[in-house]
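Chains, contacts and geometry: an overview
If you want the building blocks of each chain, they are given just below.
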Amino acid sequence: RVWIRFILIQNRAGKTRLAKWYMQFDDDEKQKLIEEVHAVVTVRDAKHTNFVEFRNFKIIYRRYAGLYFCICVDVNDNNLAYLEAIHNFVEVLNEYFHNVCELDLVFNFYKVYTVVDEMFLAGEIRETSQTKVLKQLLMLQSLE
Amino acid sequence: MLAGSRPGVGKAATSRRLAPLCSPSPGKSKEAEIKRINKELANIRSKFKGDKALDGYSKKKYVCKLLFIFLLGHDIDFGHMEAVNLLSSNRYTEKQIGYLFISVLVNSNSELIRLINNAIKNDLASRNPTFMGLALHCIANVGSREMAEAFAGEVPKILVAGDTMDSVKQSAALCLLRLYRTSPDLVPMGDWTSRVVHLLNDQHLGVVTAATSLITTLAQKNPEEFKTSVSLAVSRLSRIVTSASTDLQDYTYYFVPAPWLSVKLLRLLQCYPPPEDPAVRGRLTECLETILNKAQEPPKSKKVQHSNAKNAVLFEAISLIIHHDSEPNLLVRACNQLGQFLQHRETNLRYLALESMCTLASSEFSHEAVKTHIDTVINALKTERDVSVRQRAVDLLYAMCDRSNAQQIVAEMLSYLETADYSIREEIVLKVAILAEKYAVDYAWYVDTILNLIRIAGDYVSEEVWYRVIQIVINRDDVQGYAAKTVFEALQAPACHENLVKVGGYILGEFGNLIAGDPRSSPLVQFNLLHSKFHLCSVPTRALLLSTYIKFVNLFPEVKPTIQDVLRGDSQLRNADVELQQRAVEYLRLSTVASTDILATVLEEMPPFPERESSILAKLKKKKGPSTVTDLEDTKRERSVDVNGGPEPAPASASAAVGPSPAVPACCDGLGNNLLLFCSLMFVCKNNGVLFENQLLQIGLKSEFRQNLGRMFIFYGNKTSTQFLNFTPTPVPRCGLDSLTRTHLNLQTKPVDPTVDGGAQVQQVVNIECVSDFTEAPVLNIQFRYGGTFQNVSVQLPITLNKFFQPTEMSSQDFFQRWKQLSNPQQEVQNIFKAKHPMDTEITKAKIIGFGSALLEEVDPNPANFVGAGIIHTKTSQTGCLLRLEPNLQAQMYRLTLRTSKETVSQRLCELLSQQF
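Residues numbered from 1 in each chain as written. Chains lettered and ligands numbered in written order. Predicted model: local features only at pLDDT ≥ 70, side-chain atom pairs only at ≥ 80, totals over all residues. Heavy atoms only, no water.

**Re the overall build of chain B**
Note the cut-off: A helix here means a DSSP run of H or I that spans at least four residues, while a strand means a run of E at least two residues long, and both kinds are numbered starting from the N terminus. We call a residue buried when its accessible area falls under 20% of the maximum for its residue type, exposed when it is over 50%, and partly exposed in between, using a 1.4 Å probe and counting protein chains only. Any two residues whose heavy atoms approach within 4.5 Å at even a single point are treated as in contact. Where accessible areas are quoted, they stem from the Shrake-Rupley method and a 1.4 Å probe; at the residue level, only the protein chains shown are allowed to cover.
A count of helical and extended segments in chain B gives 38 helices and 16 strands. Buried residues in chain B amount to 55% of all 917 residues. For chain B, long-range pairs separated by at least 24 residues make up 69% of all intrachain contacts whose partners lie at least 6 apart in sequence. Of the roughly 39900 Å² that chain B leaves accessible, carbon and sulfur atoms contribute 52%.

**A few points about empty space enclosed by the protein**
All names here are of chain B. Operational definition: The definitions used throughout rest on a 1 Å grid laid over the protein atoms alone, on which a cavity is an enclosed set of points accommodating a 1.4 Å probe that cannot get out and a pocket is an open set flanked by protein within 12 Å on both sides along at least five of seven lines; lining residues are those having an atom within 4 Å of a point. Grid points are joined across faces, edges and corners, and a volume is the space filled by probe spheres set on the points.
Summed over all chains, the structure comprises 7 cavities of 30 Å³ or more. Here the largest cavity is characterised by a volume of approximately 80 Å³. Together, P274, P275, R281, L284, T285, L288, I321, H324, S326, E327 and L330 line the largest cavity. Every element with two or more residues in the lining of the largest cavity is listed here: α14 (278–296) and α15 (304–324).

**Digging into the confidence of the model for chain B**
Residue and element names in this part refer to chain B. Short version of the rule: Each residue gets a pLDDT score, which is the predictor's confidence in that residue and runs from 0 to 100.
With 88% of its residues at a pLDDT of at least 70, chain B reaches an overall mean of 84. Counted against residues more than four places away or in other chains, residues 625–679, with its pLDDT under 50, gives 141 contacts. Here residues 735–741 scores under 50 on pLDDT; set against residues more than four positions off or in separate chains, the count is 5 contacts.

**Focus on the sheet that holds strand β1 (residues 6–11) of chain A**
Residue and element names in this part refer to chain A. What counts here: Each pair of strands is called paired provided DSSP finds at least two bridges between the two strands. The angle between two axes is taken between their N-to-C directions and runs from 0 to 180 degrees, where each axis is a line fitted to C-alpha atoms and a helix contributes only its stretch in contact.
The 5 strands lie next to each other as β2-β1-β5-β4-β3, forming an open sheet whose pairing is antiparallel. Edge positions in the sheet fall to β2 (16–21) and β3 (51–54), since each of these pairs with one other strand and no more. Pairs of neighbouring strands in the sheet enclose a mean axial angle of 20°, with direction left out of account. With 6 bridges connecting them, β1 and strand β5 (residues 67–74) associate as antiparallel partners. Considered in β5, the bridge of Q10 is made with Y68.

**Regarding the environment of H324 of chain B**
Residue and element names in this part refer to chain B. With respect to the helices and strands, H324 occurs in helix α15. Each C-alpha atom, one on H324 and one on Y272, is 8.5 Å from the other, the two residues being 52 residues apart in sequence. Excluding its chain neighbours within four sequence positions, the residues that come into contact with H324 are L269, Y272, P273, P274, P275, L284 and K820.

**Regarding the interface of chain B and chain A**
For clarity, the cut-off: Note on terms: buried area is the combined drop in 1.4 Å-probe accessible area of two parts once they are placed together, counting the loss on both. Take a side-chain nitrogen of Lys or Arg and a carboxyl oxygen of Asp or Glu: if they are within 4 Å of each other, that pair is a salt bridge. Counting of polar contacts relies on pairs of N or O atoms within 3.5 Å, with two restrictions inside protein: one atom must be capable of donating a hydrogen and the other of accepting it, and residues adjacent in sequence are counted only when both atoms are side-chain atoms. Polar here means any residue other than Ala, Val, Leu, Ile, Met, Phe, Trp, Tyr, Cys and Pro, which are nonpolar, and Asp, Glu, Lys and Arg, which are charged; Gly is therefore polar.
Of the residues lining the interface, 76 residues belong to chain B; the matching set on chain A comes to 68 residues. Across the interface of chain B and chain A, roughly 6400 Å² is buried in total on both sides, 55% from carbon and sulfur atoms. Here chain B and chain A share 6 salt bridges between them. With a shortest N-O distance of 3.7 Å, D77 of chain A and R267 of chain B are connected by a salt bridge. Remark: the boundary between chain B and chain A carries 28 residue pairs in polar contact (both at pLDDT 80 or more). Top contributing element to the side of chain B that touches chain A by residue count: α15 of chain B, with 8 residues. Its residues placed into classes, the side of chain B that touches chain A shows 35 nonpolar, 28 polar and 13 charged.

**Points about the nonpolar core**
The cut-off we apply is this: Put simply, a nonpolar core is a bunch of buried Ala, Val, Leu, Ile, Met, Phe, Trp, Tyr and Cys residues held in one set by side-chain atoms that sit within 4.5 Å of each other.
Core analysis: the largest hydrophobic core is formed by 263 residues, its most contacted members being F120 of chain A together with I120 of chain B. Of the residues forming this core, the biggest block, 11 residues, is contributed by helix α2 (residues 79–96) of chain A. Of all hydrophobic cores here, the second largest spans 55 residues; its members include F683, L745, I872 and L913 of chain B.

**Considerations on a negative patch on the surface**
Threshold: By definition, no residue in a patch forms a salt bridge, and every one has over 30% relative accessible area; like charges are joined within 9 Å, nonpolar side chains (Val, Leu, Ile, Met, Phe, Trp, Tyr) within 5 Å. Residues scored as positive are Lys and Arg, those scored as negative are Asp and Glu, and His as well as the terminal groups of each chain are ignored. By convention, charge coordinates are those of NZ in Lys, CZ in Arg, CG in Asp, or CD in Glu.
A cluster of acidic residues, D26, D27 and D28 of chain A together with D75 of chain B, forms a negative patch on the protein surface. Here D27 of chain A shows up in helix α1 (residues 27–42).

**Things to note about the pattern of salt bridges**
Applying the stated rule across the entire model yields 50 salt bridges over all chains. Across the pair R392 of chain B and E53 of chain A runs a salt bridge, and its minimum N-O distance is 2.6 Å. Here the residue R392 of chain B occupies a position in helix α20 (residues 387–400), and E53 of chain A occupies one in strand β3, the pair thus bridging two chains. In this structure, K875 of chain B and E769 of chain B form a salt bridge, with 4.0 Å as the shortest nitrogen-oxygen distance. Of this pair, K875 of chain B sits in the loop between β14 (866–873) and β15 (878–888) while E769 of chain B is found in strand β8 (residues 761–770), placing the two residues 106 residues apart along the sequence.

**So, α1 of chain A**
Selection rule: Here a helix's expected span is defined as the number of its residues, less one, multiplied by 1.5 Å.
Its 16 residues give α1 of chain A an end-to-end C-alpha distance of 23 Å, which sits within 8% of 22 Å, the value for a rise of 1.5 Å per residue. Summarising the contacts, the buried residues of α1 of chain A are in contact with β1, β2, β3, β4 (57–64) and β5 of chain A.

**Some words on the side chain of T897 of chain B**
Residue and element names in this part refer to chain B. Locating T897 in the fold gives a position in strand β16 (residues 893–900). Residue classification places T897 among the buried residues on the basis of a relative accessible area of 0%. Side-chain polar atoms of T897 contact the side chain of Q830, separated by 3.0 Å.

**Brief notes about unusual backbone geometry**
Residue and element names in this part refer to chain B. Of note in this structure, Q249 is not a glycine but carries a positive phi near 40°. For Q892, which is not glycine, the phi torsion reads 55° and is therefore positive. Locating Q892 in the fold gives a position in the loop between β15 and β16. Taking relative accessible area as the criterion, Q892 reaches 36% and is therefore assigned partly exposed.

**Thoughts on the sheet that holds strand β10 (residues 789–796) of chain B**
All names here are of chain B. Across the sheet, 3 strands lie side by side as β6-β9-β10; this open sheet has antiparallel pairing. At either margin of the open sheet sits one strand with a lone partner, and together these are β6 (724–732) and β10. The average undirected angle you get between the axes of adjacent strands in this sheet is 10°. In terms of strand pairing, β6 meets strand β9 (residues 779–786) through 7 bridges, oriented antiparallel. Paired with T728 across the two strands is Q783, which belongs to β9.

**What to know about the confidence of the model for chain A**
For chain A, mean pLDDT is 94; residues scoring 70 or higher make up 99% of the total. For chain A, β3 of chain A is the element with the lowest average pLDDT, namely 93, and strand β6 (residues 120–121) of chain A is the one with the highest, namely 98.

**Let's talk about the environment of H80 of chain B**
Residue and element names in this part refer to chain B. Residue placement: H80 occurs in helix α3 (residues 80–87). Residue classification places H80 among the buried residues on the basis of a relative accessible area of 14%. Taking the C-alpha atoms as reference points, H80 and G98, 18 residues apart in sequence, are found 8.9 Å from one another.

**As for the packing of aromatic side chains**
Residues and elements named next belong to chain B. Just so we agree on the cut-off: In this analysis, rings of Phe, Tyr and Trp, with Trp reduced to its six-membered ring, are considered paired at centre separations within 6.5 Å, and the interplanar angle assigns stacked below 30 degrees, edge-to-face beyond 60, and tilted for intermediate values. Whether a charge lies above a ring is judged from NZ of Lys or CZ of Arg, which has to be within 6 Å of the ring centre and within 35 degrees of the ring normal.
Under the criterion given, the structure shown has 36 aromatic pairs over all chains. Arranged with centres 5.7 Å apart and planes meeting at 35°, the rings of F315 and F341 form a pair that is tilted. In this pair, F315 is assigned in helix α15 and F341 in helix α16 (residues 328–341), connecting sequence segments 26 residues apart. Residue F341 is classed as buried on the basis of its relative accessible area, which comes to 7%. Grouped by ring-pair contacts, the aromatic residues Y716, F724, F727, F784 and Y786 constitute a single cluster. When the ring centre of F78 is taken as reference, the NZ or CZ atom of R45 above it lies at 4.3 Å.

In structure tokens form, the structure reads like this:
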């Protein structure tokens, strides 16, 4: 009953830098969700919470420079756990891309998907150890 | 990292080949981008169609470009085949791009699905952990039914195989979870389930993390099969929370050991009631205490990540404590902890504390503790900058509301409503309306509150709300005059909301006569006031007002000509709206042709509404999504039962509806044949006394009961000086409709001497056996000849279900534990009623003891309440019963709640006991 419905990374202009869906949506619906999330999240300021009610779900989000990392979960799921899951993910990206920036996510989108799949799978947190994730990523990189 | 100061310059050398496609510089036009992309697409298409077979590297390059173009937001309608080809490559990068393309651009083309599944099958069998991982991730990402059909059998095997690598196990667990979510019917439980549970013991915490998610989801649907996970989860959790912050190395996050895994384990435990095994239970309690203790320790780091991770675990632990709702000590500690957060400088924590306290408010153990924070919460309502925090404050005020603070909370909500965001106004309106109704001691206050609601936020007052106020006013005659006066005054405002006109029109039409004596609100003044609003109103409101006018014709004959003039006017009689026109025509005709009597009958005051669940509550549930608020409301309803907030007056005339039917008084002229049904209320709580008396006959009783058996001595006294002849008293069980097939009560007796001398007394012994629970008391039919006439008397014999009550003593903890176990709606019956006798504590105690139950002292946290427990013995079953009586001296009311495992028993005992106070 409780799992991540989607993960979105968007910039302030509303450009999607990553969209990962963990339940079936058709393309129109995905587009609508992307726009709604952007509208809901960007109007909030630093004094606001990192949580927004969203339809029958909630969005847990965190802003890094111009990028919004958003996770959509069920309303009764643990807010802070996902808030820190986002940060954990960002720290891994930062380590992996050596000081990550928005364009890393654009050009290396296929690697970002790999990072996501290592850390989140089927809408669940799969691996939380940064050491383990990075070790696996480096191993995969060596295969390229 | 992603710092704002960093210039947005691409630097990843490996990706430079994609750079020309991407236009981060905003100067370039959209058309130019599309042109460039179309050119690139044409190029890729020609490569794919070219004569020369592409090598793996080129194929990967172009598939990757297609993906990139797709992710930029352009449609892609080719390349699927090439992507599928990549799946069978032996190079990781090629395979990875192939799988990614499949995962992102899911295509249900059946040709391809077969090929894809084939490739996945090969990779799963490859024993190469990297390839197995890619294949499992693809299944988990796509999760289609076709994939479930193909792999639901294979994945569990990989998951529990002894030689599977840890990282593959992690992926397999979550892959299986995805398949189970999409197609549970295709994932059969089997041998693997018990082995999956043991993954909770795995050395690799990543495997435990993934497995816990899988087990939690499976356990929700199959709790029995995964029961063993409870003790394993507790011991795993215990090892984590007691570990030093460095023990778990990789899994320690900002000095917090395995926070996500802890959260998941705590969630898994929320699929189950508190552990039965005392050792496991003790260990879990220790864990929870440790987590609460750690919250009080100074932070090991000033970083927000540290406190977030720590508090993630803390909030989940509190959720579990609330879920168990059985350890008062932990509940109160949780509440105190949240109380600290209410004033924390982090908005996130204030928000979460408000949210979490909302559920604590519904536990009877912590409700009072939550209430102590009322001022902080009200302050949050006034000062928080984030609307969602204010919203949580409203929710919490709603949850903590009971009789003691209802007036304050309703007043605060009303004043907040004046400035509240539009998005949440309707919900606040509903909440205020519900609280005002639920906790109204004084219905004048209720009417004032609703009229205030309409004044402040009329647009957000839905039909349900104003229908409800009318229902309540109609059902309660004590408030009708006040309501008429108040709406009349409110209507004086130059601009009043249309909803007020509706309520005003309806109420004055019914009860305008109650204020018509005052010249300031004479019939004509009332009419003119309403009619001054008429032209500004919408059609439905005008239609309602026309009905008010015709009601006025009946109430106040003196305004009849004025009203007829209005009805006769063109704007009514020839109104373009059919409904209005028809009403005008019919009402005018009715007022002309009908006699006063007929008018009075047709336009009689509305009868009381049948009592039903407040439609507002249903509306509130509907308004907030299905998942969240249904639960909230359910717990809320439960709370209103559990928590001691003093009795609630029944909304509207509920008390009349469910209250006892009044006893038929005994009457007998002693001459003719009388059928006499005497509801012997006074015998419910005692066993001896005079049952019946008239000029001829007195019947006395003495009885004793033990378990399901009883014996009753009936004494018949002839009060006259003449003999009674053919004296035949016969006790007959009356067991309702099914008495032919089933006997609930066996009565055995011997005939008595048919002659009773004047002034003499005869005795009859009745042996009673209760077979099963029953509602109808048996009847004693007595026939005899007195003088020349045949006498016939029927009296109810006071053998009631509670006579088979055996008192049970128990501790407070046992009581509330059992109370909670009997929480199905069918098991509980509640009645709220006006006191019919002076509310004296000692008498009440005596009655409860007389009723047969044990009176449990010092069990209820509120010493004013009475709780009792006992067992109803029948031949066929024993039914444990718990009862709770909550007096409210101020309102002169009681709330009585019965919980037993049998609905009919709860029902009957509640009826019987309600009549006693």
